Amino acid sequence: MSPNMDTNNNIVTIDGPAGSGKSTVAELLAQKLNWAYLDTGAMYRTVTLAAMRCELDMNDLEALEELTRNCDIGFTYEKGNNRVYLGNKEVTDEIRDPNVTAHAKHAASNPAVRALLVEQQQKIAQEVGSLVTEGRDQGTVAFPNAKFKFYLEASPETRAQRRFQQLQQQGRKDVTYPQILADQQKRDLSDAQRQVGPMKPAPDAQIVDTSDLNIEQVVDKLHQIITAETAFTELPQDTRITAPRFYENVRNWYRFTRSTVRNIFRLIYTVKVYGRDNIPETGPVLLVCNHQSFLDPMLIPASIAREVNFMARDTLFKNPIFGRLISSLSAFPVARGQADVTAIKQIIEKLKQDKVVLLFPEGTRTTDGRITKVKSGFDLIARRGKAFAVPVVIEGAFEAWPRNRKLPGTGHHISIMFGKPVSPQQAKDMPRDQLVHWINNELRRMQNQLRQKMNRPPFSYKD
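This one's a predicted model, so the numbers in the text were calculated from it and none came from an experiment.

How do you make sense of the packing of aromatic side chains when you look at a structure like this?
Here a ring pair, both rings aromatic, is described through the centre-centre distance and the interplanar angle of the planes. Applying the stated criterion across every chain yields a total of four aromatic pairs. Ring geometry for Phe265 versus Tyr269: centroids 5.9 Å apart, planes at 35 degrees, classification tilted. For Tyr269, a relative accessible area of 3% corresponds to the buried category. Look at Phe294 and Trp401: their rings are 5.4 Å apart centre to centre, the planes differ by 75 degrees, and that puts the pair in the edge-to-face class. With a gap of 107 residues between them, Phe294 in the loop between β10 (285-289) and α11 (296-302) and Trp401 in the loop between α15 (397-400) and β15 (412-418) connect regions that are remote in the sequence.

Help me out: how do you make sense of the sheet that holds β15 in this one?
Within a beta sheet, neighbouring strands are joined by backbone hydrogen bonds and run either parallel or antiparallel to one another. Read across the open sheet, the seven strands follow the order β9-β15-β14-β10-β13-β11-β12; overall the sheet is mixed. Only two strands of the sheet have a single neighbouring strand rather than two, namely β9 (269-274) and β12 (331-334). Strand-to-strand twist across the sheet, computed as the mean angle between neighbouring axes with direction ignored, equals 25 degrees. Pairing of strand β14 (residues 388-395) with β15 involves four bridges; the strand directions are antiparallel. Its bridge partner being in β15, Glu395 is matched across the sheet by Ser415. Where helix α13 (residues 341-352) meets the sheet, it contacts β10, β11 (308-313), β12 and β13 (356-359), and its direction lies at approximately 150 degrees from that of β12.

Just checking my understanding: could you explain the side chain of Arg365 for this structure?
Structurally, Arg365 can be placed in the loop between β13 and α14 (378-384). For the buried Arg365, no salt bridge is present, and the opposite-charge side chain at shortest range is Asp296, 7.7 Å distant. Leave out the neighbours within four places in its chain, and Arg365 touches His291, Gln292, Ser293, Phe294 and Arg403.

What's the story with the packing of helix α2 (residues 40-53) against helix α5 (residues 111-128) in this structure? I'm lost.
For any two helices packed against each other, one specifies the inter-axial angle together with the distance between the axes. Packing of α2 against α5 leaves a shortest axis separation of 11 Å and a crossing angle of 135 degrees. For the element pair α2 / α5, the angle class is oblique. By crossing handedness, the relation of α2 to α5 is classed as right-handed. Along the contact surface, α2 presents Thr40, Met43, Tyr44 and Val47, while α5 presents Val113, Arg114, Leu117, Val118, Gln120 and Gln121. When the residues that make up the contact of α2 with α5 are grouped by side-chain class, the tally is six nonpolar, three polar and one charged.

Thresholds applied
- Residues numbered from 1 in each chain as written.
- Predicted model: local features only at pLDDT ≥ 70, side-chain atom pairs only at ≥ 80, totals over all residues.
- Heavy atoms only, no water.
- Phe/Tyr/Trp six-rings, centres within 6.5 Å; stacked < 30°, edge-to-face > 60°.
- Buried < 20%, exposed > 50% of the residue type's maximum accessible area, 1.4 Å probe, protein only.
- Helix = DSSP H or I, 4+ residues; strand = E, 2+ residues; numbered from the N terminus.
- Pairing = 2+ DSSP bridges.
- Axes fitted to C-alpha atoms, helices over the stretch in contact; angles between N-to-C directions.
- Contact = heavy atoms within 4.5 Å.
- Lys, Arg positive; Asp, Glu negative; His and termini not counted.
- Salt bridge = Lys/Arg side-chain N within 4 Å of Asp/Glu carboxyl O.
- Parallel < 35°, antiparallel > 145°, perpendicular 65-115°, else oblique.
- Left-handed = near helix turned anticlockwise from the far one by under 90°.
- Nonpolar A, V, L, I, M, F, W, Y, C, P; charged D, E, K, R; others polar.

This is the structure we're talking about:
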């Protein structure tokens, strides 16, 4: 499940009539944000196709509801294409048949069917965390608390022409533009007048007329609006490294050293911290951070009030003086290049003691500033330690101390962002690899959010 789903800060809803471009816009926007994409219209079409195959009476409300309860609808995203499945068979093209389109209104206007599918949509959002979803009632019914709501519209003629061209490209030569326009007008009226989930913009939705815009222009416009706002709470006070408060259980030596490190960083860098309030004040916390430089294990602990335990490669502990120093600062050794079972057990034990542990799941420092695909393992640690998993991104540390330099530079701007935590229960309810997938996407999204704040171009991620 995704963190903080009650506020739906990581959800973009795109509603609008057929042909307004919302499906293509939503899919491309999701790619640009590196978020999941959900085509809700495909869900209603799939139910309709299943009913037609069973020769079900579309006006039999209870029968259609029962079919929906047992309807196995699945989605995959492969090579830039969203594929739809009914059971184990792909129906991506079948559900776009005009005959299916003409009968979809029965599923869309059935209150019980809509309630079941909206529930599925909300569950999908909980599983993937960050989502771009499109349909007719996403901003009004499915996700009324979504932070970003858009309603796309275009002239009837423009929308019909777009649909006609789409079908022509798919090899459909049996449909005509006048037929599509007439069917579309009937559907618009039906969608607007239905009693449950009528097609209308949410009161707080931003209306975007796409008549004179191409798809890329619409995507860019929505992307700019989203990235111009932050989904994270920025502290009202000075965002340079400061501690909002001290905790009673922080040792004096650790507190003194942390204060010294902060003062040093204030002199040589401009460091800004965002989302510090996302860190739970008590209980076990696993900070899952990207790794840009040797500065990271110092900057992250210096940014928060709670004492942070972190791993350091075992060779650093061979020097008796330095080894004692970093051990006193809550560092513990880990063997590089192998699965260190002892270190993993130590982490889990520390989490069971309600401590904070910092991990770098990429396994090594970045070579170019980008976030490499995170490795699994931290998800098991979070579950075994029953800890809050907090995504953390540091940006600018790579420029301050890249891999090819022996000493760090000075005068650099560094930003740190703490994301919304995944609770122990949410992590437990996720499928095996879901937490890894969500953290991977969230770290990259947060990094590009920080880069925008720092007037840097976003990184492009394709894997």
